[in-house]
Amino acid sequence: MLLDLLKLLASQIEKEVSLNEISQHVLIDIKTVKRYIDLLVKSYVIFPLTPFSKNLRSEISGKNKYYFYDTGVRNGIINNFNRLDSRNDVGALLENCIIAETEKNKNT
């Protein structure tokens, strides 16, 4: 179940994630999905990026994007170590790298 959750998150790194949809797809309770995601965040595998909105209500109720601290871990989860010129997720990888480096350097 956890690997299925990670595969879904890895395939959606540039997209907003619906925890309800993930729950339905991996056939586990949404509370369990939230606990797994919390565990992955606390163990520095992934981190959430909350959407920005001028409307605070929209921002609070919005869906998060989840990124991987290490794109090598992400590539291992989806089993794709191809060269960049033969991948269809280059944009998502680049977005993940930039945001992850920003996140890592935020507290220094």
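What you see is a predicted model, and the numbers here were worked out from it, not measured in a lab.

1. Considerations on the overall build of the protein
Point 1. A tally of helices and strands in the protein yields six helices and two strands.
Point 2. Ordered by position from the N terminus, the helices and strands of the protein form the series α-α-α-β-α-β-α-α.
Point 3. The burial tally for the protein puts 33% of its 108 residues in the buried class.
Point 4. Considering only residue pairs separated by 6 or more positions, the protein has 51% of its internal contacts joining residues 24 or more positions apart.
Point 5. For the protein, the accessible area works out to roughly 7,200 Å², and carbon and sulfur atoms hold 54% of it.

2. Concerning the pattern of salt bridges
Point 1. Using the criterion set out here, one finds eight salt bridges in the structure.
Point 2. The closest approach of N and O atoms between glutamate 14 and lysine 15, which form a salt bridge, is 3.9 Å.
Point 3. A residue is classified by how much of its surface remains accessible, and glutamate 14, at 29% relative accessible area, is partly exposed.
Point 4. Given the relative accessible area of 42%, lysine 15 is considered partly exposed.
Point 5. Arginine 74 is paired through a salt bridge with aspartate 89; the nearest N and O atoms lie 2.6 Å apart.

3. Comments concerning the packing of aromatic side chains
Point 1. Applying the stated rule across the entire model yields three aromatic pairs.
Point 2. With 4.8 Å between their ring centres and 45° between their planes, phenylalanine 47 and tyrosine 69 make a pair best called tilted. Of this pair, phenylalanine 47 sits in strand S1 (residues 46-49) while tyrosine 69 sits in the loop between strand S2 (65-68) and helix H5 (71-78); the two residues are 22 residues apart in sequence, bridging distant segments of the chain. The same class applies to phenylalanine 47 as to tyrosine 69, namely buried.
Point 3. An aromatic cluster is defined as three or more aromatic residues linked by ring pairs; in this entry it consists of Tyr44, Phe47, Tyr67 and Tyr69.

4. Details of the packing of helix H1 (residues 2-11) against helix H3 (residues 30-42)
Point 1. At a closest axis distance of 11 Å, the pairing of H1 and H3 adopts a crossing angle of 75°. Looking at the two axes, H1 sits roughly perpendicular to H3. Residues Leu2, Leu5, Leu6 and Leu9 of H1 pack against Val33, Tyr36, Ile37 and Leu40 of H3.
Point 2. Counted by class, the contact of H1 with H3 contains eight nonpolar, no polar and no charged residues.

5. Regarding the nonpolar core
Point 1. By size, the foremost hydrophobic cluster in this structure holds 23 residues, and its most contacted members are Leu5, Leu9, Ile22, Ile37, Ile46 and Phe68.
Point 2. Taken together, the elements giving at least two residues each to this core come down to H1, helix H2 (19-26), H3, S1, S2 and helix H6 (90-105).
Point 3. A total of five residues in this core trace back to one element, the largest contributor, which is H1.
Point 4. Sequence-distant contacts of leucine 9, defined by excluding residues within four places in its chain, comprise Val17, Ile22, Ile37, Leu40, Ile46, Tyr66 and Phe68.

The rules behind the values
Residues numbered from 1 in each chain as written. Predicted model: local features only at pLDDT ≥ 70, side-chain atom pairs only at ≥ 80, totals over all residues. Heavy atoms only, no water. Helix = DSSP H or I, 4+ residues; strand = E, 2+ residues; numbered from the N terminus. Buried < 20%, exposed > 50% of the residue type's maximum accessible area, 1.4 Å probe, protein only. Contact = heavy atoms within 4.5 Å. Areas by Shrake-Rupley, 256 points an atom, 1.4 Å probe, with all protein chains shown as cover. Salt bridge = Lys/Arg side-chain N within 4 Å of Asp/Glu carboxyl O. Phe/Tyr/Trp six-rings, centres within 6.5 Å; stacked < 30°, edge-to-face > 60°. Axes fitted to C-alpha atoms, helices over the stretch in contact; angles between N-to-C directions. Parallel < 35°, antiparallel > 145°, perpendicular 65-115°, else oblique. Nonpolar A, V, L, I, M, F, W, Y, C, P; charged D, E, K, R; others polar. Core = buried A, V, L, I, M, F, W, Y, C linked by side-chain atoms within 4.5 Å.

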